[in-house]
Amino acid sequence: MSITPPTSPAAMALIENMIKQYGYPVLTEDNHDDFVSAQEECVLFFTENPARFPESNDVAMILPELVKEYGERFSAAVIDQSAQRPLQGRYGFNEWPTLVFLRRGQYLGHISRVQDWMDYIVKINQIVTSEPRLAPGIGIPVSQSTSACGG
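Residues numbered from 1 in each chain as written. Predicted model: local features only at pLDDT ≥ 70, side-chain atom pairs only at ≥ 80, totals over all residues. Heavy atoms only, no water.

A.B. asks: Which residues make up the sheet that holds strand β1 (residues 26–27), and what are the values?
C.D. replies: As summarised here, the arrangement of the five strands in space is β1-β3-β2-β4-β5, forming an open sheet in which the pairing is mixed. Either end of the sheet is taken by a strand with one partner, and the two such strands are β1 and β5 (106–112). The pairing of strand β4 (residues 98–103) with β5 spans six bridges and is classified as antiparallel. By the bridge assignment for β5, Val-100 is matched with His-110. (Pairing = 2+ DSSP bridges. Helix = DSSP H or I, 4+ residues; strand = E, 2+ residues; numbered from the N terminus.)

Okay, structure coming up:
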């Protein structure tokens, strides 16, 4: 399966090769929920446009090594270009590329941008030992006051 719409072929080459070599599914808004709820634990790779965010190609090289490091504990998937922004809103991150970790479809945490190997290991260890929680929202939280305004 190919990521659509195509960005620069050169920019997408490493990501496309990773998808083919490791058989990672490409998730759209339509199949995302079914995939994540069917996995004990998974990691979602949000690439955005690798021409704009070339670190995505670095993460495409690192992700299979992380999956291997954790004994195939995580099912990895790549988010289709058409679903990047809509699904980003569910997980509340604002930097690219990002790896989102889930357990049975519930948010555990995310790691954005390229990290040093040991930083990945430390952060992933923290993430996988945590309990699922609400994903952080984007923007300023809105709350409603119960007190009346008066002067």
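Picking up after the structure, the text goes on.
A.B. asks: Can you explain the pattern of salt bridges? Please cite residues and give values.
C.D. replies: In this structure the tally under the stated criterion is seven salt bridges. Arg-104 serves as the salt-bridge partner of Glu-40, at 2.3 Å between the closest nitrogen and oxygen. One end of the pair, Glu-40, is in the loop between α2 (29–38) and β2 (41–46); the other, Arg-104, is in the loop between β4 and β5, with 64 residues separating them in the sequence. Of the residues examined, Glu-40 reaches a relative accessible area of 49% and is grouped as partly exposed. A salt bridge links Glu-55 to Arg-113; the shortest N-O distance between them is 3.2 Å. Here Arg-113 lies in the loop between β5 and α5 (117–128) and Glu-55 lies in helix α3 (residues 55–69), a separation of 58 residues in the sequence. The partly exposed category is assigned to Glu-55, whose relative accessible area is 22%. When salt bridges that share partners are traced, they join Glu-41, Arg-73 and Arg-103 into one network. (Salt bridge = Lys/Arg side-chain N within 4 Å of Asp/Glu carboxyl O. Buried < 20%, exposed > 50% of the residue type's maximum accessible area, 1.4 Å probe, protein only.)

A.B. asks: Got a sec to walk through the side chain of Glu-41? Specific residues and values, please.
C.D. replies: In this fold, Glu-41 is placed in strand β2. Given the relative accessible area of 5%, Glu-41 is considered buried. The residues touching Glu-41, leaving out its near neighbours within four places in the chain, are Arg-73, Phe-74, Ser-75, Leu-102, Arg-103 and Leu-108. (Contact = heavy atoms within 4.5 Å.)

A.B. asks: Can you break down the nonpolar core residue by residue, with the values?
C.D. replies: Grouped together as the largest cluster of nonpolar side chains are 27 residues, with contacts concentrated most on Met-18, Phe-45, Leu-63, Leu-99, Phe-101, Tyr-120 and Ile-124. When contributions to this core are tallied by element, the ones reaching two or more residues are α1 (9–22), β2, α3, β3 (75–79), β4, β5 and α5. If one sorts the elements of this core by residue count, α3 sits on top with six residues. Each residue touching Ile-124, except ones within four places of it in the same chain, is listed here: Leu-66, Tyr-70, Phe-74, Phe-101 and Ile-111. (Core = buried A, V, L, I, M, F, W, Y, C linked by side-chain atoms within 4.5 Å.)

A.B. asks: Any details on the pairing of β5? Residues and values, ideally.
C.D. replies: Counting buried residues in β5 gives five out of seven residues, a clear majority hidden from the surface. Between the antiparallel neighbours β4 and β5 lie two residues, among them Arg-104 with a positive phi of about 50°.

A.B. asks: Lay out the environment of Asn-57 in plain terms, naming residues and giving numbers.
C.D. replies: Its location among the elements puts Asn-57 in helix α3. Look at Asn-57 and you get buried, because its relative accessible area is 12%. The sequence separation of Asn-57 and Ala-11 amounts to 46 residues, and the corresponding C-alpha distance is 7.7 Å. Other than its neighbours up to four places away in sequence, Asn-57 contacts Ala-11, Leu-14, Ile-15 and Pro-50.

A.B. asks: Got a sec to walk through the packing of aromatic side chains? Specific residues and values, please.
C.D. replies: One pass over the structure, following the stated rule, counts nine aromatic pairs. Note on Phe-46 and Phe-93: the rings are 4.9 Å apart at their centroids and 70° apart in plane angle, and the pair reads as edge-to-face. Of this pair, Phe-46 sits in strand β2 while Phe-93 sits in the loop between α4 (84–91) and β4, placing them 47 residues apart in sequence. Phe-93 gets classed as buried once you look at its relative accessible area, which sits at 1%. Centroid distance Phe-74 to Phe-101: 5.3 Å. Interplanar angle 70°. Geometry classified as edge-to-face. A residue pair is termed long-range when its members are at least 10 positions apart, and Phe-74 in the loop between α3 and β3 and Phe-101 in strand β4 qualify at 27 residues. Classification of Phe-101 by relative accessible area gives buried; the value is 2%. Taken together, the ring pairs connect Phe-46, Phe-53, Tyr-91, Phe-93, Trp-96 and Tyr-107 into an aromatic cluster. (Phe/Tyr/Trp six-rings, centres within 6.5 Å; stacked < 30°, edge-to-face > 60°.)

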